[in-house]
Amino acid sequence: MQKVETAEQFNQILQSGQPFTFLKHSVTCPISQAAYEEYVKFTEDHPALNSYYLTVQDSRPLSNYIAEKFQIKHESPQAFYISNQQVVWHASHWKITSDALEKAKEANK
């Protein structure tokens, strides 16, 4: 799991063509902390899948860029499964669970 802070870094990941997960989270929100813990659990269960995150407080321009690029309203926390350079699944708040991420991964093999 790697922290991403700039649109340039994000675009490099996107252009690799590899599927990946991405989490936007806030360090001050308890709901976001719960989502982060679920995300960490999922990434630990799937070390071969590239997984990234940003902290909204540190990377607001990147968070906004992602919202604009994919035309998905910004929320925090918010998780994405991206395949073929497209968001194929996303969820926010309490819907971000290891199980939900697992189902997204299986549905997009």
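First, a word on scope: everything that follows refers to the structure included in this document. The structure displayed is predicted, hence computed values, not measured ones.

About the cut-offs
Residues numbered from 1 in each chain as written. Predicted model: local features only at pLDDT ≥ 70, side-chain atom pairs only at ≥ 80, totals over all residues. Heavy atoms only, no water. Axes fitted to C-alpha atoms, helices over the stretch in contact; angles between N-to-C directions. Helix = DSSP H or I, 4+ residues; strand = E, 2+ residues; numbered from the N terminus. Parallel < 35°, antiparallel > 145°, perpendicular 65-115°, else oblique. Contact = heavy atoms within 4.5 Å. Nonpolar A, V, L, I, M, F, W, Y, C, P; charged D, E, K, R; others polar. Salt bridge = Lys/Arg side-chain N within 4 Å of Asp/Glu carboxyl O. Buried < 20%, exposed > 50% of the residue type's maximum accessible area, 1.4 Å probe, protein only.

## Section: the packing of helix α1 (residues 7-15) against helix α3 (residues 60-70)
Here's step 1: Running from N to C, α1 and α3 point in directions that differ by 45°, and their axes come no closer than 9 Å. The angle between α1 and α3 falls in the class oblique. Every residue of α3 that contacts α1 at Ala 7, Phe 10, Asn 11 and Leu 14 is listed here: Leu 62, Tyr 65, Ile 66, Lys 69 and Phe 70.
Here's step 2: When grouped by side-chain class, the residues that make up the contact of α1 with α3 number seven nonpolar, one polar and one charged.

## Focus on the pattern of salt bridges
Here's step 1: With the rule as written, the count across this model stands at five salt bridges.
Here's step 2: The partner of Lys 3 in a salt bridge is Glu 5, with the nearest N and O atoms 3.7 Å apart.
Here's step 3: Residue Lys 3 is classed as partly exposed on the basis of its relative accessible area, which comes to 28%.
Here's step 4: For Lys 41, the salt bridge goes to Asp 45, with nearest N and O atoms at 3.9 Å. Of this pair, Lys 41 and Asp 45 both sit in helix α2 (residues 30-45), four residues apart, which is roughly one turn of that helix.
Here's step 5: Look at Asp 45 and you get partly exposed, because its relative accessible area is 47%.
Here's step 6: Overlapping salt bridges bring together Lys 3, Glu 5 and Asp 58 as one network.

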